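Coordinate inspection notes
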Amino acid sequence: MKLQKFDSINVIPFIDVLLVLLAIVLLTSTFITKGIIPVNLPDAQNASKLKSDKEMIIVINEQGQLFLEDMQIALENIEFELLQKSKETPIHLNTDKNTKFEHFVNVLDMLKKNEFSNVSIVTKK
């Protein structure tokens, strides 16, 4: 029996597999973009409300003054305020481009010392 040579590869099964994968990705991406899967939750009489972790905004101006939520405050007081929040509280750090790097490092060091994990540095595009 002689083996038959093929000059081309049949890509139709490959395309079928890709179309199935594309359909799966498109179906699951609708749940990801909304962020939630809609469900009707049951009622409970003894339910407690979840504490929402409101984002905290720390601003360092050109003179090195610190502001927490538009109020001027010392670094130690910022630390005290943040310790009352959850470690996963989103913290946005806005720093003037002309401020001393030392002030920026002091704030980051305080956040790292207290193990805050959700810190973002705000920049302009």
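Reading guide: rules and limits
- Residues numbered from 1 in each chain as written.
- Predicted model: local features only at pLDDT ≥ 70, side-chain atom pairs only at ≥ 80, totals over all residues.
- Heavy atoms only, no water.
- UniProt positions renumbered as here; feature names shortened; annotations may be inferred.
- Patch = residues over 30% accessible without salt bridge, like charges linked within 9 Å, V, L, I, M, F, W, Y side chains within 5 Å.
- Areas by Shrake-Rupley, 256 points an atom, 1.4 Å probe, with all protein chains shown as cover.
- Salt bridge = Lys/Arg side-chain N within 4 Å of Asp/Glu carboxyl O.
- Helix = DSSP H or I, 4+ residues; strand = E, 2+ residues; numbered from the N terminus.
- Phe/Tyr/Trp six-rings, centres within 6.5 Å; stacked < 30°, edge-to-face > 60°.
- Buried < 20%, exposed > 50% of the residue type's maximum accessible area, 1.4 Å probe, protein only.
- Lys NZ or Arg CZ within 6 Å of the ring centre and 35° of its normal.

An unreviewed UniProt entry annotates the chain as Biopolymer transport protein ExbD of Aliarcobacter trophiarum LMG 25534. According to the UniProt record, the Sequence similarities (unreviewed entry) comment for the chain is "Belongs to the ExbD/TolR family." Comment text from UniProt for the chain, heading Function (unreviewed entry), reads "Involved in the TonB-dependent energy-dependent transport of various receptor-bound substrates."

Attention now goes to a nonpolar patch on the surface. Side chains of I9, V11, F14, I15, V17, L18, L19, V20, L21, L22, I24 and L26 sit close together on the surface and give an oily, nonpolar patch of about 1,200 Å² of accessible area. Following the sequence through the fold, I9 ends up in the segment before α1 (12-34).

Turning to the packing of aromatic side chains, a few remarks are in order. Counted according to the given criterion, the structure contains one aromatic pair. Each ring, one from F101 and one from F104, has its centre 5.8 Å from the other, and the planes form 35 degrees; the classification is tilted. Taken as a pair, F101 and F104 lie in helix α3 (residues 101-113) at a separation of three residues, close to a single helical turn. Classification of F101 by relative accessible area gives exposed; the value is 60%. Geometry around F116 places K87 over its ring, the cationic atom sitting 5.0 Å from the centre.

Below, the discussion takes up the pattern of salt bridges. Inspection of every chain in the model, using the stated rule, returns two salt bridges. Between K54 and E69 there is a salt bridge; the shortest N-O distance is 3.8 Å. Of the two residues, K54 is situated in the loop between α1 and β1 (56-60) and E69 in the loop between β2 (66-68) and β3 (71-72); the sequence distance between them amounts to 15 residues. Among the residues examined, K54 registers a relative accessible area of 55% and is labelled exposed.

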